[in-house]
Protein chains: 2
Amino acid sequence: MQEYYSLHPRFYHAVDCIIFGFSGGELNLLLLKRKFDPGMGEWSLMGGFVQEDESVDDAAKRVLFELTGLTNVFMEQVGVFGKVGRDPGERVISTAYYALININDYDRQLVESHNAHWININELPALLFDHEQMVERAKTVMKVQAELQPTCFSLLPEYFTLTQLQSLYEAINGAALDKRNFRKRVAERDFIEKTRLIDKTTSRRGASLYRFNEEKYNNSQRLKI
Amino acid sequence: MQEYYSLHPRFYHAVDCIIFGFSGGELNLLLLKRKFDPGMGEWSLMGGFVQEDESVDDAAKRVLFELTGLTNVFMEQVGVFGKVGRDPGERVISTAYYALININDYDRQLVESHNAHWININELPALLFDHEQMVERAKTVMKVQAELQPTCFSLLPEYFTLTQLQSLYEAINGAALDKRNFRKRVAERDFIEKTRLIDKTTSRRGASLYRFNEEKYNNSQRLKI
DNA sequence: ATTTCGAGTGTAAAAGTAACACTATTTCTT
DNA sequence: AAGAAATAGTGTTACTTTTACACTCGAAAT
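Definitions and limits used
Residues numbered from 1 in each chain as written. Chains lettered and ligands numbered in written order. Predicted model: local features only at pLDDT ≥ 70, side-chain atom pairs only at ≥ 80, totals over all residues. Heavy atoms only, no water. Least-squares fit on C-alpha atoms with pLDDT ≥ 70 in both. Contact = heavy atoms within 4.5 Å. Near = heavy atom within 4 Å. Polar contact = N/O pair within 3.5 Å; in protein donor to acceptor, adjacent residues only side chain to side chain. Helix = DSSP H or I, 4+ residues; strand = E, 2+ residues; numbered from the N terminus. Phe/Tyr/Trp six-rings, centres within 6.5 Å; stacked < 30°, edge-to-face > 60°. Buried < 20%, exposed > 50% of the residue type's maximum accessible area, 1.4 Å probe, protein only.

**What to know about the relation of the copies chain B and chain A**
Step number 1: Once chain B has been moved 0.0 Å along the axis and rotated by 180 degrees, it coincides with chain A to within an RMSD of 0.1 Å. The relationship between the two copies is best expressed as a two-fold rotation axis.
Step number 2: When the interface residues of chain B are mapped onto chain A, 100% of them are again interface residues, pointing to one common binding face.

**Some thoughts on the protein's contact with DNA strand D**
Step number 1: Taken together, the neighbourhood of DNA strand D is formed by 19 residues, with A:Lys179, A:Arg180, A:Arg204, A:Arg205 and B:Arg205 sitting nearest.
Step number 2: Protein-proximal atoms of DNA strand D, defined as those within 4 Å of the protein, fall in sugar or phosphate at a share of 40%.
Step number 3: Within the side chain of A:Lys179, an N or O atom sits 2.7 Å from a base nitrogen of DNA strand D.
Step number 4: Taking A:Arg204, its side chain carries an N or O atom lying 3.0 Å from a base nitrogen of DNA strand D.
Step number 5: For the surface near DNA strand D, the secondary-structure elements that each account for two or more residues are α6 (179-188) and β9 (207-212) of chain A together with α6 (179-188) of chain B.
Step number 6: The element contributing the most residues to the surface near DNA strand D is α6(A), with 4 residues.

**Section: the packing of aromatic side chains**
Step number 1: Within this structure, the stated rule accounts for 30 aromatic pairs over all chains.
Step number 2: Between A:Tyr4 and B:Phe36, the ring centres sit 6.1 Å apart and the planes meet at 35 degrees, which makes this aromatic pair tilted. Highlighted residues: A:Tyr4 in helix α1 (residues 2-6) and B:Phe36 in the loop between β2 (26-33) and β3 (43-44), drawn from two different chains.
Step number 3: Owing to a relative accessible area of 26%, A:Tyr4 belongs among the partly exposed residues under this scheme.
Step number 4: Aromatic side chains A:Tyr106 and A:Trp118 sit 5.8 Å apart centroid to centroid with 55 degrees between the ring planes, which places their arrangement in the tilted category. On the criterion of sequence distance, the pair formed by A:Tyr106 in the loop between β6 (92-100) and α3 (108-113) and A:Trp118 in strand β7 (residues 116-120) is long-range, its members being 12 residues apart.
Step number 5: A residue is classified by how much of its surface remains accessible, and A:Trp118, at 21% relative accessible area, is partly exposed.
Step number 6: Three or more aromatic residues joined by ring pairs form one cluster here, namely A:Tyr4, A:Tyr5, B:Tyr12, B:Phe36 and B:Phe49.

What follows is the structure, given as structure tokens:
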């Protein structure tokens, strides 16, 4: 019985985080310029090793916290990357996660101390190991997920204008949307609530601020956006 | 540098296979009644441990081959299951995969020797460890996948009738479909080819046999079914 | 010749999606 | 004070897609 396990090899298990942020009408990833080997000087995802006392999902949350100081972030598995030589140093199996964070919220000092930077998703540099594949898959999974459920509100501040929301959807879609049709669709979902607040920073006229009402969403027919 | 890895713990890494088959108008899973501990006597998925010289994906293919004798089977990752106590014997992280196999094709002797049985997906027994969660997630992932691409042809024999195809879609959907609308949609996709062959086993009149043309599918606009 | 059984076929209403351009409100400039 | 500038906001129509629905066809069995 003991042999049932001990005949088999054991592996380091890493987690790597594809961290999406939204600013300036564009999607960005938080990437590290590595200050240590393996891969010193290269761009990479934020990663870490799973420890004895934590689940794989918890390890991903911890790693995200170590970089950004954030908890309660929307995170989802992207997949397992388990090729034999993917990490040239040792055999490491890695689970990739994507996270959607509000770009106003994170701890800038922590991020700086890790040598991490926001990079526009359309101008990504070459990345360490198989991290580019991870990013590609994350983009796909994120897109599918965002179409099925309105998860992408995690990328916005609590209050946002419809122009911001539309440009987020355009960034995820990779294509422009018609303003009137978009607003018609927003009006149909009452989990996107208009508030009395007005944002005057982006236009002279000012734009109404909206918020995502999670409770209403949970009670709704789950109309995707 | 060496410490970069060696400070961290290592884990057994398993793969578990959710194996779908289609017969009698229903989806079935191939499950094992375990003949060994841990979990002797319980129903479980077919699983195995990742070895030094194989990727995680390859381990899943090997495990499926060991049970069914099949290669070149459609398989996709379902996700990583990495809770600390999920396997009470040892800390094991597992990657779940789903496979779609043609129920006429597998090696019956091998399957029997593993004490494996086809179980209707709507009448599943309690399963070992977190295998029920794996199955739940696999059902969701499989459904999404089948909607995006016509992967489910892997569940059918090379030649099939439209009635069979429709009942497969109904089983995946969990809901009945309108026969005329379904056939109209089939007619629109030329990667579903009508042949001159007639199947006389299911009706007196006989039904035309169709086949999936992968090449045409790859050249098509990827209309999902 | 008649029955039986699954295979196969078309049309019309309804819903959803896509295309399209101007007015409104406030601030800034002169 | 008037006009320019800049983003917010607003409806209608054509087109496409989806849904609902019931009978005939062809071969075998009796």
